[in-house]
Amino acid sequence: MLEIVIAGGWVMGILILCSIAVIAISVERYWTLNPEKIAPKNTLGQVWNWIKNNQLDSQRLRELKQSSELGRILAAGLSNSRHGRDVMKDSIVEAANQVVHEMERYLGALGTIASIAPLLGLLGTVLGMIKVFTAIVLEGSGNTAALAGGISEALITTAAGLCVAIPAMMLHRFYTRRVDTLVVTMEQEAVKLVDALHSERRVDVREAS
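Not measured: the values here are computed from a predicted model.

**Q** Please explain the pattern of salt bridges as it appears in this structure.
**A** Two side chains of opposite charge can pair, provided their charged atoms sit close to one another. Taken as a whole and judged by the stated rule, the model has four salt bridges. For Asp 195, the salt bridge identified is with Arg 85, shortest N-O distance 2.8 Å. Placement of Asp 195 in helix 9 (residues 144–198) and of Arg 85 in helix 7 (residues 85–103) is noted, with a sequence separation of 110 residues between them. According to the relative accessible area criterion, Asp 195 is buried, its value standing at 5%. A salt bridge links Lys 192 to Glu 189, with the shortest nitrogen-to-oxygen separation between them at 3.7 Å. Here the residue Lys 192 and the residue Glu 189 both occupy positions in helix 9, the gap between them amounting to three residues, near one helical turn.

Given below as structure tokens:
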């Protein structure tokens with residue numbers, strides 16, 4: 001493996017760093033974007049239980065805000081619920097924008113790596129072919145060792161670039177989809193809370209068991 005890395009030239013060093021970054025970002029996002037941590041299923045039911053039993057106070061709001069991202073959004077809305085439906089919705093949207101921004105952290109870097117890794121592989125290919133033609137000009141086509149070295153560098157970097165880019169692209173799509181799903185879930189829960197407090201129509205809010 002070390003020989004392959006060395007044969008690929010300095011471009012392989014950059015691709016290795018990119019692969020390490022992909023692994024690190026993937027592990028961190030998998031841990032952070034846990035649906036049970038972001039939007040626990042019993043959060044809205046617990047909040048509604050507090051409201052019905054007149055137990056919602058500043059202390060519980062602080063606990064709710066610190067419990068999860070969904071709790072943070074609901075707490076923002078509850079803090080301004082007395083000012084009317086529109087103000088409550090605006091507070092929820094503002095908090096949700098901050099939460100979404102945090103959930104999308106590092107995904108841009110993951111997408112960037114997926115885009116530039118093939119280009120780095122192509123760069124290695126071009127550099128390898130330059131070495132091949134330089135060897136031909138200086139030594140003729142009889143020096144097979146020099147030709148093989150340049151060709152191997154070209155092929156190795158191309159393969160390495162694709163090996164980094166393909167998983168990075170798949171992981172970027174996977175986590176982007178997960179963020180979208182979590183956003184929809186939190187939006188639905190927030191709408192239920194707003195409707196329950198400022199609407200006459202019946203809203204299905206499941207209480208926490």
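**Q** How should the packing of helix 6 (residues 69–79) against helix 7 be read in this particular structure?
**A** To characterise two packed helices, one gives the angle between the axes of the helices and the distance between these axes. It is at 7 Å that the axes of helix 6 and helix 7 come closest, and there the two elements cross at 155°. Taken as axis vectors, helix 6 and helix 7 run roughly antiparallel relative to one another. Between helix 6 and helix 7 lies a crossing whose hand is right-handed. Of the residues in helix 7, those touching helix 6 at Glu 69, Arg 72, Ile 73, Ala 76, Gly 77 and Leu 78 are Met 88, Ser 91, Ile 92, Ala 95, Ala 96, Gln 98, Val 99 and Glu 102. Residues that form the contact of helix 6 with helix 7 fall into these classes: eight nonpolar, three polar and three charged.

**Q** Is there a simple way to explain the nonpolar core in this structure?
**A** General note: in soluble globular proteins, nonpolar side chains tend to be found buried as a group. Counting 43 residues, the largest nonpolar core has Leu 15, Leu 64, Ile 73, Leu 74, Met 103, Met 186 and Leu 193 as its most contacted members. Sorting the residues of this core by element identifies helix 2 (10–32), helix 4 (43–52), helix 5 (58–67), helix 6, helix 7, helix 8 (107–139) and helix 9 as the ones contributing at least two each. Counting residues per element, this core draws most heavily on helix 9, at 12 residues. Excluding residues within four positions of it along the chain, Ile 73 makes contact with Ile 92, Ala 95, Ala 96, Val 99, Met 186 and Ala 190.

Scoring rules and cut-offs
- Residues numbered from 1 in each chain as written.
- Predicted model: local features only at pLDDT ≥ 70, side-chain atom pairs only at ≥ 80, totals over all residues.
- Heavy atoms only, no water.
- Salt bridge = Lys/Arg side-chain N within 4 Å of Asp/Glu carboxyl O.
- Helix = DSSP H or I, 4+ residues; strand = E, 2+ residues; numbered from the N terminus.
- Buried < 20%, exposed > 50% of the residue type's maximum accessible area, 1.4 Å probe, protein only.
- Axes fitted to C-alpha atoms, helices over the stretch in contact; angles between N-to-C directions.
- Parallel < 35°, antiparallel > 145°, perpendicular 65-115°, else oblique.
- Left-handed = near helix turned anticlockwise from the far one by under 90°.
- Contact = heavy atoms within 4.5 Å.
- Nonpolar A, V, L, I, M, F, W, Y, C, P; charged D, E, K, R; others polar.
- Core = buried A, V, L, I, M, F, W, Y, C linked by side-chain atoms within 4.5 Å.

Any functional reading would require information beyond the geometric quantities listed.
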